[in-house]
Amino acid sequence: MALLNKLNTPFFQEVGEIARFTGRFFREVSKPRQEWEEFVNQSYFIGYKTFTLVGITAFIMGLVLTIQSRPTLVEFGAASMLPSMVSVSLVREIAPVITALICAGKIGSGIGAELGSMRVTEQIDAMEVSGTNPFKYLVVTRVLASTVMVPILSSLAIAISLYGGYLGANLKGDVSWPLYWYQAYKVLIFGDFVPAMVKTVFFGFAIGIVGCYKGYHSQKGTEGVGRSATTAVIVASLLVFILDLIAVQVADVLGLT
């Protein structure tokens, strides 16, 4: 039992530190004089610089999902339901989660490595000595940018993946442009869009917080920078799945599924 407690202590200590880091974020973001210029810069790097990767992945995802699903539906004589099935799957679950995982890998590791490098080279300490608030300038701006841009990237991924689905439906079939989009949207309801978009906000927040926390508390020189980037991706990806599970359960309780 004592050994089990020793093994669990670092885990709960890490959870407590992240919780305290999150609490400090909310205290700092509520104070006036936000760093809006840095927020815009981070939104550009987090959003625009990630869009190409997200767009390509979303297109392939929609194309492959349609191609793989078509034979089964044809076997049961339900080929006409292909656009509807693909749209529900992409909007509800696949596009938001895959986009969040891509962002966890690219954004989480990028923030962790960037802030980790600044920590080990004492740039953050220099900002504190010069009277600048490094937490507000470095952490708050990046977390806010991640929270805003991940839902936007997810929305674009849904649109691109549905277009990929249209091309996939026409590889071995013949579905007109108006008919495809009519069938794709007629089955979607308010309860499909809202939970998907709300949970992407939490995905973005979790990715930003974890990346900033790991980088801000990086230690042990260049080795620590690499470790911060790696653990940021792992923890952020795990949190995406946990938050997705919670979101699905909440949506089910509220009758939105």
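This structure is a prediction, so every number in the text was calculated from the model and none was measured. The residue numbers shown here count from 1 along each chain, following its written sequence. Per-residue local features are limited, in this predicted model, to residues with pLDDT of at least 70; the limit for side-chain atom pairs, both in listing and counting, is 80 or more; totals at the level of whole chains, interfaces and linings are taken over all residues. Hydrogens and water are ignored here; the side-chain numbers use all heavy atoms of the structure.

## Considerations on helix 7 (residues 190-216)
Right, so step 1: Its 27 residues give helix 7 an end-to-end C-alpha distance of 39 Å, which sits within 8% of 39 Å, the value for a rise of 1.5 Å per residue.
Right, so step 2: Each residue is placed in one exposure class: buried if its accessible area under a 1.4 Å probe, protein chains only, is under 20% of its type's maximum, exposed if it is over 50%, and partly exposed if it falls in between. Runs of E in the DSSP output that reach at least two residues are strands. Runs of H or I that reach at least four are helices, and both are numbered from the N terminus. Counting buried positions along helix 7 gives 20 out of 27 residues, so the element sits mostly inside the fold. To estimate the expected span of a helix, subtract one from its residue number and multiply by 1.5 Å.

## Re a nonpolar patch on the surface
Right, so step 1: A residue counts toward a patch only above 30% relative accessible area and without a salt bridge, and it is joined to like-charged neighbours within 9 Å or, for Val, Leu, Ile, Met, Phe, Trp and Tyr, to nonpolar neighbours within 5 Å. Accessible surface is estimated by sampling points in the Shrake-Rupley manner with a 1.4 Å probe; for residues, cover comes only from the protein chains shown. The working definition used for a salt bridge is a side-chain nitrogen of Lys or Arg within 4 Å of a carboxyl oxygen of Asp or Glu. Taken together, Leu 238, Ile 242, Ile 246, Val 250, Val 253 and Leu 254 make up a surface patch of nonpolar side chains, about 580 Å² in accessible area.
Right, so step 2: Note that Leu 254 resides in the segment after helix 8 (221-253).

## Details of the pattern of salt bridges
Right, so step 1: Counted by the stated rule, this structure contains nine salt bridges.
Right, so step 2: Ionic pairing is found between Lys 31 and Glu 28, a salt bridge with its closest N-O pair at 3.8 Å.
Right, so step 3: Across the pair Arg 92 and Asp 192 runs a salt bridge, and its minimum N-O distance is 2.5 Å. Of this pair, Arg 92 sits in helix 3 (residues 82-120) while Asp 192 sits in helix 7, and the two are 100 residues apart along the sequence.
Right, so step 4: What makes Arg 92 partly exposed here is its relative accessible area of 35%.
Right, so step 5: One connected set of salt bridges, linked through shared partners, spans Glu 38, Glu 114 and Arg 142.

## Overview of unusual backbone geometry
Right, so step 1: Within the chain, Arg 33 stands out as a residue other than glycine whose phi angle is a positive 65 degrees.
Right, so step 2: By secondary structure assignment, the location of Arg 33 is in the loop between helix 1 (2-29) and helix 2 (36-75).
Right, so step 3: Positive phi, normally seen in glycine, also occurs at Glu 122, with a value near 65 degrees.
Right, so step 4: Tracing the backbone shows Glu 122 in the loop between helix 3 and helix 4 (123-129).
Right, so step 5: Judged by relative accessible area, which is 53%, Glu 122 ranks as exposed.

## Describing the UniProt feature "transmembrane region" (unreviewed entry) in the protein chain
Right, so step 1: UniProt positions are given in the numbering used here, feature names are shortened, and annotations may be inferred rather than shown by experiment. Under the present numbering, the feature "transmembrane region" (unreviewed entry) in UniProt falls on residues 46-67, 143-167, 187-210 and 231-251.
Right, so step 2: Secondary structure across residues 187-210 divides into 88% helix and 0% strand, with the first and last C-alpha atoms of the span separated by 36 Å.
Right, so step 3: Between the end C-alpha atoms of residues 231-251 there is a gap of 30 Å, over a span that is 100% helix and 0% strand.

## Structural notes on the state of the cysteines
One covalent bond between the sulfur atoms of two cysteine residues makes up a disulfide.
Right, so step 1: Any two cysteine sulfur atoms within 2.5 Å of one another count as a disulfide. Scanning the entire structure with this criterion turns up zero disulfides.
Right, so step 2: Cys 103 takes part in no disulfide bond, and the closest cysteine sulfur, belonging to Cys 212, lies 14 Å away.
Right, so step 3: Looking at Cys 212, the relative accessible area reads 0%, which means it is buried.

## Some thoughts on the packing of helix 5 (residues 134-169) against helix 6 (residues 177-186)
Right, so step 1: Close contact between helix 5 and helix 6 brings their axes to 11 Å; oriented N to C, the two are set at 125 degrees. It follows from the interaxial angle that helix 5 and helix 6 lie oblique. You can see that helix 5 and helix 6 cross each other, and the crossing is right-handed. Touching Ala 159, Leu 162, Tyr 163, Gly 165 and Tyr 166 of helix 5 are Trp 177, Tyr 180, Trp 181 and Tyr 185, all from helix 6.
Right, so step 2: Looking at the contact of helix 5 with helix 6, its residues break down into eight nonpolar, one polar and no charged. In this analysis, axes come from line fits to C-alpha atoms, helices being fitted only over the stretch in contact, and the angle between any two N-to-C directions falls in the range 0 to 180 degrees. Throughout, the term roughly parallel applies to angles under 35 degrees, roughly antiparallel to angles over 145, roughly perpendicular to angles from 65 to 115, and oblique to all others. Crossing handedness is defined as follows: a turn of the near helix away from the far one that is anticlockwise and smaller than a right angle gives a left-handed crossing, while the clockwise case is right-handed. Two residues qualify as a contact provided that any one of their heavy atoms is within 4.5 Å of a heavy atom in the partner residue. Under the scheme applied here, ten amino acids are nonpolar (Ala, Val, Leu, Ile, Met, Phe, Trp, Tyr, Cys and Pro), four are charged (Asp, Glu, Lys and Arg), and all others, including Gly, are polar.

## Digging into the packing of aromatic side chains
Right, so step 1: Here the aromatic set is Phe, Tyr and Trp, taking the six-membered ring for Trp, and pairing holds for ring centres within 6.5 Å; pairs whose planes are under 30 degrees apart are stacked, those over 60 apart are edge-to-face, and all others are tilted. A full pass over the atoms with the stated rule returns 18 aromatic pairs.
Right, so step 2: On the numbers, 6.3 Å between centres and 35 degrees between planes, the contact of Phe 59 with Tyr 163 is tilted. Within this pair, whereas Phe 59 is found in helix 2, its partner Tyr 163 is found in helix 5, the two being separated by 104 residues in sequence.
Right, so step 3: What makes Tyr 163 partly exposed here is its relative accessible area of 34%.
Right, so step 4: Ring pairs connect the aromatic residues Phe 59, Tyr 163, Tyr 166, Trp 177, Tyr 180, Trp 181 and Tyr 185, which therefore count as one cluster.

## Some words on the environment of Ser 84
Right, so step 1: Residue placement: Ser 84 occurs in helix 3.
Right, so step 2: Take Ser 84: its relative accessible area is 11%, and that puts it in the buried class.
Right, so step 3: Each C-alpha atom of the pair Ser 84 and Ala 232 lies 36 Å from the other, and the pair is 148 residues apart in sequence.
Right, so step 4: Setting aside residues up to four positions removed in sequence, Ser 84 forms contacts with Gln 183, Ala 184, Lys 186 and Val 187.

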